[in-house]
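The lines below spell out each chain.
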Amino acid sequence: MDLTPVPPLDAGGRKAAKMRLALGSWTLHLAGPPSALPAVGAVLSGLRVDGEAPPAVTIALSSDLRSATGAIGTRTLWTLALPPSGWLGAVVGQAVATLANVLTRLLFIHAGAVAADGRGCVIVGESGAGKTSLVASLTRAGATSMADDLVLLDPEHGTILPVIIPLGVKAWTARAAGTLPAGREVACEGGTRYWLPDARAHTPARAAAFVFVGRGGLPGVRPLTRGQALLALAQHTSSLSRRHRLEEAFSGFARVLAAAQCLTIGGRRPAALAPSVLRYLRAGAAAR
Amino acid sequence: MTASNPVHAPDAAFLAAALDDEIVLLDLARGQLVLLDRAAARVWRACGTPEAAGTRPERRTMGILRRLARAGAVVRHDGHRWVQARVRWI
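What you see is a predicted model; the values in this text were computed from it and never measured.

**Section: the interface of chain B and chain A**
- Tallying the contact residues gives 23 residues for chain B and 20 residues for chain A.
- Here chain B meets chain A over a buried area of about 1,900 Å², counting both sides, of which 70% is carbon and sulfur.
- For Arg88 of chain B, the salt bridge identified is with Glu247 of chain A, shortest N-O distance 3.1 Å.
- Where chain B packs against chain A, one counts seven residue pairs in polar contact (both at pLDDT 80 or more).
- Of all the secondary-structure elements, those providing two or more residues to the side of chain B that touches chain A are β1 (14-19), β2 (22-27) and β3 (32-36) of chain B.
- Its residues placed into classes, the side of chain B that touches chain A shows 16 nonpolar, three polar and four charged.

So, in structure tokens, the structure goes:
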């Protein structure tokens with residue numbers, strides 16, 4: 001991670017800096033105010049892409065942190081207005097979404113993931129459903145953290161690739177998760193703590209389970225058919241949402257799900273069900 | 001950033017994946033998934049077979065066939081015979 005000051009961007013005399021993040025086979029160039037880039041770098045520097053080489057992307061933050069642009073070479077991909085509070089989350093989310101869009105072989109899901117006993121578990125749910133608190137609780141209970149926000153799947157090998165982005169712990173996430181797993185805070189902005197757990201996966205794990213976190217419903221862990229799971233995946237942001245990748249995403253997800261256990265969990269506090277989810281995962285490992 | 005490349009499927013209307021006793025169809029034109037549960041999958045698989053051609057569907061089967069037809073997964077041929085839409089298995 002290099003931080004290099006460059007000439008001023010604006011008439012106000014505020015200087016910009018550049019940073020290059022080598023994230024496995026993906027390179028992300030960042031440009032923006034020196035006060036902001038270390039936080040972006042700290043949150044994204046653990047991300048690692050293996051298995052394909054997406055094109056390098058440049059994300060430039062304006063000197064007043066009110067907007068950001070993403071580009072591949074000279075082609076602008078997007079321009080984003082940033083909120084005064086929560087800009088870091090917006091930039092990280094956009095960087096992750098950009099990566100998801102430039103992938104050609106790997107599949108992505110907006111989800112979290114953990115691994116236990118060599119079995120990877122993808123945790124899918126809407127924003128605010130309790131994915132992060134469940135990942136935190138599972139990690140505290142003995143699993144290793146594989147991903148928060150973006151899960152990358154290798155459909156050829158049926159594996160989850162570790163995408164280490166710190167857990168974005170908002171106030172309600174902290175309340176739902178209770179104690180966070182052992183780790184350290186790498187950044188804090190807009191009321192979100194970016195928490196990097198110590199127990200992190202460094203190698204791919206077999207995609208052995210998919211857990212769908214619902215909102216409300218009866219508390220508990222219940223089996224879901226694989227067909228229902230594929231349908232549920234299509235309701236969330238994933239490669240299935242990208243029209244140009246629909247066929248390969250359908251085939252890839254169907255292949256991965258065919259070898260996975262699928263569960264749904266209900267109730268108002270998914271994190272409280274972490275021990276049950278772990279029991280399911282470990283029972284599956286013992287049965288193999 | 002959006003992607004809007006059309007899906008080209010000159011040879012099939014659906015992609016099909018069998019997952020346990022269920023079948024999931026991907027409607028290539030609409031970009032939608034259709035889940036056939038165990039009963040619907042059985043009816044759908046039987047469409048177009050000689051056994052099905054020679055019999056008049058019972059009431060429950062007829063209901064399933066109508067639902068499958070609404071999803072485009074079967075079509076009525078010659079006014080009485082139900083046949084599967086063109087599919088490509090993965």
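**Here we look at the sheet that holds strand β12 (residues 167-169) of chain A**
Residues and elements named next belong to chain A.
- The three strands lie next to each other as β12-β14-β13, forming an open sheet whose pairing is antiparallel. Two strands close off the open sheet at either side, each with one partner strand: β12 and β13 (183-189). For this sheet, the mean angle separating the axes of adjacent strands, direction not counted, is 30°.
- As judged from the three bridges shared by β12 and strand β14 (residues 192-197), these two strands associate in the antiparallel manner. Residue pairing in the sheet places Leu167 in a bridge with Trp195 of β14.

**Some remarks on the environment of Arg59 of chain B**
All names here are of chain B.
- Considering the arrangement of structural elements, one finds Arg59 in helix α3 (residues 59-70).
- Residue Arg59 is classed as exposed on the basis of its relative accessible area, which comes to 79%.
- Measuring from C-alpha to C-alpha, the distance between Arg59 and Asp78 comes to 20 Å, with 19 residues separating the pair along the chain.

**Topic: the pairing of β14 of chain A**
- Counting buried positions along β14 of chain A yields five of six residues, so the element is predominantly enclosed.
- Here β13 of chain A folds back onto β14 of chain A, and the loop between the two strands holds two residues, one of which, Gly190 of chain A, carries a positive phi near 60°.

**Points about the nonpolar core**
Residues and elements named next belong to chain A.
- Counting 85 residues, the largest nonpolar core has Leu28, Leu47, Leu61, Leu153, Phe210 and Leu230 as its most contacted members.
- With nine residues, helix α2 (residues 87-102) is the single largest residue contributor to this core.
- Summarising the domain contributions, this core has at least three residues from each of domain 1 (2-104) and domain 2 (108-287).
- The contacts of Leu153, once residues within four sequence positions are left out, are Leu106, Leu107, Ile109, Val122, Thr159, Ile160, Ala207, Phe210, Phe253 and Val256.
- Counting residues in each nonpolar core, the second largest holds 26 residues, with Ala136, Val221, Ile265 and Val277 among its members.

**Notes on the domain arrangement of chain A**
All names here are of chain A.
- Looking at the assigned domains, one finds that chain A contains domain 1 (2-104) and domain 2 (108-287).
- Here domain 1 and domain 2 have C-alpha centroids that lie 26 Å from each other.
- Contacts between domain 1 and domain 2 engage 20 residues on the former and 18 residues on the latter.
- In this assembly, domain 1 packs against domain 2 so that about 1,500 Å² is buried in total across both faces, 61% of it on carbon and sulfur atoms.
- Interface area lost by domain 1 to domain 2 is led by Val43, Val96 and Leu103, which between them contribute 27%.
- Where domain 1 touches domain 2, the interface holds zero salt bridges.
- Where domain 1 packs against domain 2, one counts seven residue pairs in polar contact (both at pLDDT 80 or more).
- Those elements giving two or more residues to the side of domain 1 that touches domain 2 turn out to be α1 (37-44) and α2.
- Considering every element that reaches the side of domain 1 that touches domain 2, the biggest residue donor is α2, with eight residues.
- Of the residues contributing to the side of domain 1 that touches domain 2, the split by class is twelve nonpolar, six polar and two charged.

**Structural notes on α1 of chain A**
- Across the eight residues of α1 of chain A, six count as buried, placing the element largely inside the fold.
- When we look at burial in α1 of chain A, the residues that qualify are Leu37, Ala39, Val40, Gly41, Val43 and Leu44 of chain A.

**Digging into a positive patch on the surface**
Residues and elements named next belong to chain B.
- Taken together, Arg42, Arg60, Arg66, Arg67, Arg70 and Arg76 make up a surface patch of like positive charges.
- Ranked by residues supplied to the positive patch, first place goes to α3 with four residues.
- Along the chain, the position of Arg67 falls in helix α3.

Calculation notes
- Residues numbered from 1 in each chain as written.
- Chains lettered and ligands numbered in written order.
- Predicted model: local features only at pLDDT ≥ 70, side-chain atom pairs only at ≥ 80, totals over all residues.
- Heavy atoms only, no water.
- Contact = heavy atoms within 4.5 Å.
- Buried area = accessible area lost by both parts, 1.4 Å probe.
- Salt bridge = Lys/Arg side-chain N within 4 Å of Asp/Glu carboxyl O.
- Polar contact = N/O pair within 3.5 Å; in protein donor to acceptor, adjacent residues only side chain to side chain.
- Helix = DSSP H or I, 4+ residues; strand = E, 2+ residues; numbered from the N terminus.
- Nonpolar A, V, L, I, M, F, W, Y, C, P; charged D, E, K, R; others polar.
- Pairing = 2+ DSSP bridges.
- Axes fitted to C-alpha atoms, helices over the stretch in contact; angles between N-to-C directions.
- Buried < 20%, exposed > 50% of the residue type's maximum accessible area, 1.4 Å probe, protein only.
- Core = buried A, V, L, I, M, F, W, Y, C linked by side-chain atoms within 4.5 Å.
- Domains from an automatic or database assignment.
- Patch = residues over 30% accessible without salt bridge, like charges linked within 9 Å, V, L, I, M, F, W, Y side chains within 5 Å.
- Areas by Shrake-Rupley, 256 points an atom, 1.4 Å probe, with all protein chains shown as cover.
- Lys, Arg positive; Asp, Glu negative; His and termini not counted.
- Charge placed at Lys NZ, Arg CZ, Asp CG, Glu CD.

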